[in-house]
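# Coordinate analysis (summary)
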Amino acid sequence: MQKRRLGKSDLYVTELGLGCMSLGTEEKAAREIMEAALEEGVNYFDTADLYDFGENEKIVGAALKHVREKVIIATKAGNRWKADKSGWTWDPSKVYIKEAVKNSLKRLGTDYIDLYQLHGGTIHDPIDETIAAFEELKAEGFIRYYGISSIRPNVIREYAEKANIVSVMIQYSILDRRPEEEALPLLAEHGISVVTRGPLAKGLLTDKLLEKAANKGFLDYSYEELSEVLPLLKEKAAASRSLTEVALQYNLADPAVASVVAGASSVAQIRQNAAAVRSQPLTAEEIALIKEITKANVYQEHR
C-alpha cells in the first residue's frame, strides 16, 4: 500500500488508516481486524483516550506491541470523562494535556506516541497554552509530532498559523465537501496534511446506499435528495466499480490529503477498504462529474 508524507514530518502514513473507534471492546474480534489491516499493509492506526473510557487504547496498544516500530499510532486528548462517566467536559489546558498523555502512554503500553492530536477545540480556548503543552511534550520525547482534530475553519486557521502541527483530522466525503471551501486549500498552502474521517458518510457511500439512511437526511441533504443523488452517483460515477472505491479515491484525489481513516467492524470490511484504496485514482473528468452531482456544502456555524 502506498504511503504519503504527513505534513513536514518524517512520518509516512499509508493511504488507508484504520479508525479504531469502531473496533469495540471484544479484544479477540478487534485483534483480528487489526491483524487483517497489518496484512493489507496499513501502518496508521487512530484511536483516542475518549473511546470506550480508554479501553480502545489498551486494545490497540496490545495488538500492535509486536510491530510497534513499524506502525504509526495516533491518539487524541482534550475530552475529560466525568467521575461517574455520564459524559465528558472539554479541557485543553496544559496541565490536563500533560496528565492525559501519560495515561495514554500507559494504556497503549508504549514509550512514545507518533501523532498526538487535540480532540476538538474552539476559538475561545487558551490556544497558546495548548500549543505550549504539545511543544513541551515533543521536546520531552513523549510525542513525536502533534496535530488537531477539528471541523471548525476558524480553529484550523489559528493552529495552522500559530503551531507546528503536521496534520488536521477533518470530516470529509463526497456528501460532505465543506473542507473544500477553505480548509483544504489553507492546509495545502501551509504544508499541513489532512487526515480524513467519515469518508463513507456513515455508510451512505457504499453499495448499500439508502439502506443506511433510515429515512433520515445527511447534513444539507434531505432523505428525498439522497434518494436522487445516491443512485445517480452509483449510475454515473461508479458504474464500473464500487461506490466505496469512488468515495475513498475522491478523498485521496486532493493533494492535501495524506490518509483516509476509515473504521471497520469486520475483517471483510478492512479488506474491502484496502482494495478500494489500491484501485485506480479518479480522473479529472470523474471528479468534475461527482462535483456536478453533489452539493458544495458550506459551514453554517463554528466559523
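Before reading further, recall that the structure is shown in the block above.
To keep things clear, this report deals only with the structure shown in the data block. (Residues numbered from 1 in each chain as written. Predicted model: local features only at pLDDT ≥ 70, side-chain atom pairs only at ≥ 80, totals over all residues. Heavy atoms only, no water.)

### Remarks on the overall build of the protein
For the protein, the helix and strand inventory stands at 10 helices and 12 strands. For 303 residues, the compact-globule estimate of 2.2 N^0.38 gives 19 Å, and the C-alpha radius of gyration of the protein, at 19 Å, lies within 12% of that figure. When burial is assessed residue by residue, the protein has 56% of its 303 residues classed as buried. Here the analysis covers contacts within the protein between residues at least 6 apart in sequence; of these, 75% occur between residues at least 24 apart. (Helix = DSSP H or I, 4+ residues; strand = E, 2+ residues; numbered from the N terminus. Rg over C-alpha atoms; globule rule 2.2 N^0.38 Å. Buried < 20%, exposed > 50% of the residue type's maximum accessible area, 1.4 Å probe, protein only. Contact = heavy atoms within 4.5 Å.)

### Digging into helix 9 (residues 267-278)
Here helix 9 is 12 residues long and its end C-alpha atoms lie 17 Å apart, about the 16 Å a rise of 1.5 Å per residue gives. All buried positions along helix 9 are accounted for by I270, N273, A274, A276 and V277. Buried residues of helix 9, seen end-on, are gathered within an arc of 160° and therefore sit on one face of the element. Turning to helix 9, the residues buried within the fold contact strand 3 (16-19), helix 1 (27-39), helix 8 (243-252) and strand 12 (257-263). (Expected span 1.5 Å × (residues − 1). Arc of directions from axis to C-beta.)

### What about the side chain of S149?
Inspection of the secondary structure puts S149 in strand 9 (residues 143-149). Overall, the relative accessible area of 8% leaves S149 in the buried class. For S149, the residues in contact, after removing those within four places along its chain, are K76, L118, H119, G120, M169 and R197.

### Considerations on the sheet that holds strand 4 (residues 44-46)
One closed barrel holds the 8 strands; their spatial order is 3-4-5-8-9-10-11-12, and the pairing between them is parallel. Taking each pair of neighbouring strands and ignoring which way they run, the sheet shows an average axis angle of 30°. In this structure, strand 3 lies alongside strand 12, joined through 4 bridges in parallel fashion. Counted as the bridge partner of L16 is V260 from strand 12. This element, helix 4 (residues 127-139), spans strand 8 (113-119) and strand 9 of the sheet and lies at about 155° to strand 9. (Pairing = 2+ DSSP bridges. Axes fitted to C-alpha atoms, helices over the stretch in contact; angles between N-to-C directions.)

### Regarding the environment of D207
Along the chain, D207 turns up in the loop between strand 11 (193-197) and helix 7 (223-236). A relative accessible area of 42% means that D207 is categorised as partly exposed. D207 has contacts with K234, S242 and L243, leaving out every residue within four places of it along the chain. A polar side-chain atom of D207 sits 3.2 Å from a polar atom in the side chain of K234. A polar contact of 3.2 Å, which involves the side chain of D207, links it to the backbone nitrogen of L243. (Polar contact = N/O pair within 3.5 Å; in protein donor to acceptor, adjacent residues only side chain to side chain.)

### Quick look at the pairing of strand 9
Within strand 9, 6 of the 7 residues are buried, leaving the element largely enclosed by the surrounding structure. For strand 8 and strand 9, the ladder comprises 6 bridges, and the chain directions are parallel. Paired with Y116 across the strands is Y146, a residue of strand 9. Note on the crossover from strand 8 through helix 4 to strand 9: the handedness is right-handed. The pairing of strand 9 with strand 10 (residues 167-171) spans 2 bridges and is classified as parallel. Considered in strand 10, the bridge of I148 is made with V168. Once the chain exits strand 9 it traverses helix 5 (residues 153-162) before rejoining the sheet at strand 10, and the crossover so formed is right-handed. (Right-handed = clockwise from strand over helix to strand, strands pointing away.)

### A look at the layout of surface pockets
The calculated volume of the largest pocket comes to roughly 900 Å³. What lines the largest pocket is a set of 33 residues, and nearest its centre among them are G198, P199, K202, A262 and G263. Those elements that place two or more of their residues in the lining of the largest pocket are strand 10, strand 12 and helix 9. Classifying every residue of the lining of the largest pocket by side-chain character gives 11 nonpolar, 15 polar and 7 charged. (1 Å grid on protein atoms, 1.4 Å probe; cavity = no way out; pocket = protein on both sides within 12 Å on 5 of 7 lines; lining within 4 Å. Points joined across faces, edges and corners; volume = space filled by probe spheres on them. Nonpolar A, V, L, I, M, F, W, Y, C, P; charged D, E, K, R; others polar.)

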